[in-house]
Amino acid sequence: MENNNETSFNKKLSRKSFIKNSALAATSFYIVPRHVLGKGYVPPSDKLYIAAVGCGGEAESDITHFATSPHKNAEIAFLCDVDDRQAAPRRKQYPKAGFYKDWREMFHKESKNFDAVTVAIPDHNHAIVGLSAMQLNKHLYLQKPLTHDIYEARILTQAAAKYKVVTQMGDQGASCEGIRTMREWFEAGVIGDIEKVYNWTNRPVWPQGIPWPKQAAVIPKELDWDLWLGTAQTTNYIDNLVPFNWRGWWRFGTGALGDMACHIIGPAFKLLELGYPTEITGSATTVYSGIFKEADFAESIPPSSSLRYKFTMKNGKELLLYWMDGGIVPDRPDELDPDVNMNEALADIPQENDFEGGSLFIGTKGKVSCGWGGSHPRLLPLSLNKEINIPKKYPRIEGDMDGHWWQWVDACIAGYGNMEVDSPFEGYAGPLTETVLMGNLLLRSFNLRQQIKRKDSVYGEVTDFITPGRYITYKWDGENMRITNFEAANQFVKREYRKGWGELKL
């Protein structure tokens, strides 16, 4: 096993050059016929060799699921992580896997030795790694949200079609039985025409609405801070940023929406076949740093928010979709008894104390709730669940949520276009991610400040500020990725990468 940590590599290898060189190297890879391998040997064409970018947190779950597929058709060939503390357990678990700190170096040197890439790293580097993998014609499993920015999500969706690779977003609820049960209920007309969907989560479960620390911290010796920053603009390292709290900072994370909305909004997006929203409105918690002094913590995501998207469905009718986080929940349904805990009754995974969020569908004839990802759907009032008996007509996925990972492995081996997956970038995960991130566009615009001079009855002329992005309805041109009635918001569609990391384009 190599430990390739060449100090000059980052300076020598541009993204463009490593893509070109790796692609050339990949042409020398060929499938060895089964008869020359010996009895009992599984040829490369029957097994997927995976390179994992990210080793800790959600990456641990992804890697484990691939490696323990019941079909025994996946192997973790390479591991990559910028933090030795996160990498150490996986390196011990998979001692035969090659290890790199820099994913670019791994792609450049090893592209002929793996077939697919799984990515579970901070949001700000999702797109650059994912696109580079697809440009090497590698199948891609990418954690939610697909990207940090709306533009990046559009590029990855287009890349999946251009390079014809099998893609899957890491929202395992899309493969659960519950979402299929709801499809059967909806198609049977159990709750009539759906007019509203409420979605909520317990996130954030990390600090938000706080100032960026003034004091820089000592960079841990195990962490390559420059590689961790990747596409993000240069800044000091701060305590408690890694491995988790980066989620609360706009520079790196996408907040509660990015963490859970693909799971929670996903069922409505998939089952109701939603496209781009036409508009969005909402609000966020206002943080104060003194008496009547509103804080300006531009780096930090607000601690809670409430949003309303409007969609025009395929039948021409409007749908309102609500998002709430930070402890905000929908109005309590009248069908629930007063002493029933609403989250436990509507959104929890039964007997698991696993409230992370849920959805409530409001139809013209009834209501249905579910946990995140569409799990455990329930009719209201809850007594109706003893009577419901709608025939199953959609095949279930082997392993339920666990099958989400196995499904992607099988589809990669089958080849692009030969087997469906539940969260492909094209037609689902890409547009869903754009919709989720549009909520963040509003939240960032909500706190934009414009300095003004005004007359005060006591103090005379004073310097003040206004927030023109608050309490307006944002009109969205989804096809062109633009807010049409508040130009300042469009700066959040696409960010500029740090110098040396290029620009994301096909």
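From a predicted model like this one, the values you see are computed outputs, not experimental measurements. (Residues numbered from 1 in each chain as written. Predicted model: local features only at pLDDT ≥ 70, side-chain atom pairs only at ≥ 80, totals over all residues. Heavy atoms only, no water.)

Peer 1: Looking at this model, I keep getting lost on the overall build of the protein. Mind explaining?
Peer 2: The number of helices and strands found in the protein is 14 helices and 20 strands. Compactness check: the protein gives a C-alpha radius of gyration of 24 Å against a globular reference of 23 Å for 506 residues, within 12% of the reference. For the protein, the spread of C-alpha atoms along the three principal axes comes to 85 × 65 × 40 Å. Taking all 506 residues of the protein together, the buried fraction comes to 56%. The long-range fraction of contacts in the protein, counting pairs at least 24 apart against all pairs at least 6 apart in sequence, stands at 72%. Approximately 22600 Å² of the protein is accessible, and the part contributed by carbon and sulfur atoms is 50%. If the 58 positive side-chain charges of the protein are averaged to one point and the 62 negative ones to another, these points end up 5 Å apart. (Helix = DSSP H or I, 4+ residues; strand = E, 2+ residues; numbered from the N terminus. Rg over C-alpha atoms; globule rule 2.2 N^0.38 Å. Buried < 20%, exposed > 50% of the residue type's maximum accessible area, 1.4 Å probe, protein only. Contact = heavy atoms within 4.5 Å. Areas by Shrake-Rupley, 256 points an atom, 1.4 Å probe, with all protein chains shown as cover. Lys, Arg positive; Asp, Glu negative; His and termini not counted. Charge placed at Lys NZ, Arg CZ, Asp CG, Glu CD.)

Peer 1: Help me understand the pairing of strand β9 (residues 279-284), please; the structure alone is not making it clear to me.
Peer 2: Two faces belong to every sheet, and in a regular strand the side chains alternate between them. Most of β9 sits out of view: five of its six residues are buried. Both β9 and strand β12 (residues 305-312) contribute to a ladder of six bridges, which runs antiparallel. Counterpart to serine 283 in the pairing with β12 is serine 306. Note that β9 and strand β19 (residues 474-477) share two bridges and pair antiparallel. Counted as the bridge partner of isoleucine 280 is tyrosine 474 from β19. (Pairing = 2+ DSSP bridges.)

Peer 1: It is not clear to me how helix α7 (residues 150-163) should be interpreted in this structure. Could you clarify?
Peer 2: For an α-helix the count is 3.6 residues per turn, leaving residues at separations of three or four pointing the same way. For α7, with 14 residues, the first-to-last C-alpha span of 20 Å sits near the 20 Å given by 1.5 Å per residue. Listed as buried for α7 are Ile150, Tyr151, Glu152, Ala153, Arg154, Ile155, Leu156, Thr157, Ala159, Ala160 and Tyr163. Lining the buried residues of α7 we find α6 (126-135), β6 (139-143), β7 (167-170), α14 (425-446) and β19. Just beyond α7, the residue with positive phi is lysine 164, at close to 50°. (Expected span 1.5 Å × (residues − 1).)

Peer 1: How should the environment of glutamate 58 be read in this particular structure?
Peer 2: Relative to the elements of secondary structure, glutamate 58 occurs in helix α3 (residues 58-67). Discounting residues that sit within four places of it in the chain, glutamate 58 has contacts with Ala120 and Gln143.

Peer 1: Can you walk me through the pattern of salt bridges in this structure?
Peer 2: In a structure, side chains of opposite charge can pair up when their charged atoms sit close to one another. According to the stated counting rule, one finds 35 salt bridges in the structure shown. A salt bridge links lysine 221 to glutamate 222; the shortest N-O distance between them is 3.1 Å. Taking the relative accessible area as the measure of exposure, lysine 221 reaches 74% and is therefore exposed. Through salt bridges that share partners, Lys144, Arg203, Arg247, Asp259 and Glu356 make up one connected network. (Salt bridge = Lys/Arg side-chain N within 4 Å of Asp/Glu carboxyl O.)

Peer 1: How should I be thinking about the packing of aromatic side chains in this particular structure?
Peer 2: Pairs of aromatic rings are described using the distance from one ring centre to the other and the angle between the two planes. Under the definition given, this model contains 18 aromatic pairs. Look at tyrosine 141 and tryptophan 408: their rings are 5.6 Å apart centre to centre, the planes differ by 65°, and that puts the pair in the edge-to-face class. Within this pair, whereas tyrosine 141 is found in strand β6, its partner tryptophan 408 is found in helix α13 (residues 403-414), the two being separated by 267 residues in sequence. Judged by relative accessible area, tryptophan 408 falls into the buried class, the value being 0%. Look at phenylalanine 186 and phenylalanine 361: their rings are 5.3 Å apart centre to centre, the planes differ by 55°, and that puts the pair in the tilted class. Linking phenylalanine 186 in helix α8 (residues 177-187) with phenylalanine 361 in strand β14 (residues 357-363), this pair joins segments that are 175 residues apart in sequence. As far as the burial class goes, phenylalanine 186 and phenylalanine 361 line up, both buried. Among the aromatic residues, those joined into a cluster by ring pairs are Trp212, Trp225, Trp228, Tyr237, Trp249 and Phe252. The ring centre of tryptophan 206 lies 6.0 Å from the NZ or CZ of arginine 247, which sits over that ring. (Phe/Tyr/Trp six-rings, centres within 6.5 Å; stacked < 30°, edge-to-face > 60°. Lys NZ or Arg CZ within 6 Å of the ring centre and 35° of its normal.)

Peer 1: Any chance you could explain the side chain of threonine 157 here in plain terms?
Peer 2: Looking at where threonine 157 falls in the secondary structure, it is placed in helix α7. Take threonine 157: its relative accessible area is 15%, and that puts it in the buried class. In this view, threonine 157 contacts Phe425, Glu426, Gly430 and Pro431; residues no more than four positions away in its chain are not counted.

Peer 1: How should I be thinking about the side chain of glutamine 208 in this particular structure?
Peer 2: Structurally, glutamine 208 is set in the loop between β8 (194-201) and α9 (225-229). Engagement of the side chain of glutamine 208 in a polar contact is seen with the side chain of tryptophan 206, the distance being 2.6 Å. Once you skip the residues sitting within four places of it in the chain, glutamine 208 turns out to touch Arg247, Gly248, Gly255, Ala256, Ser300, Ile301, Pro302 and Pro303. (Polar contact = N/O pair within 3.5 Å; in protein donor to acceptor, adjacent residues only side chain to side chain.)

Peer 1: Honestly, the layout of surface pockets in this entry has me stumped. Any pointers?
Peer 2: One water molecule sets the probe size; rolling that probe over the atoms shows where empty space is left. By volume, the largest pocket is sized at about 740 Å³. Residue lining of the largest pocket: 40 residues in total, with Gly56, Glu58, Ala120, Ile121 and Trp246 positioned closest to the centre. Elements that contribute at least two residues to the lining of the largest pocket include exactly α3, α9 and α10 (255-264). The leading source of residues in the lining of the largest pocket is α10, at three residues. Its residues assigned to classes, the lining of the largest pocket comprises 18 nonpolar, 12 polar and 10 charged. Here the second largest pocket defines a volume of roughly 530 Å³. For the lining of the second largest pocket, the secondary-structure elements that each account for two or more residues are α8, α11 (266-271), α13 and α14. Ranked by the residues each element gives to the lining of the second largest pocket, the list is headed by α13, at four residues. (1 Å grid on protein atoms, 1.4 Å probe; cavity = no way out; pocket = protein on both sides within 12 Å on 5 of 7 lines; lining within 4 Å. Points joined across faces, edges and corners; volume = space filled by probe spheres on them. Nonpolar A, V, L, I, M, F, W, Y, C, P; charged D, E, K, R; others polar.)

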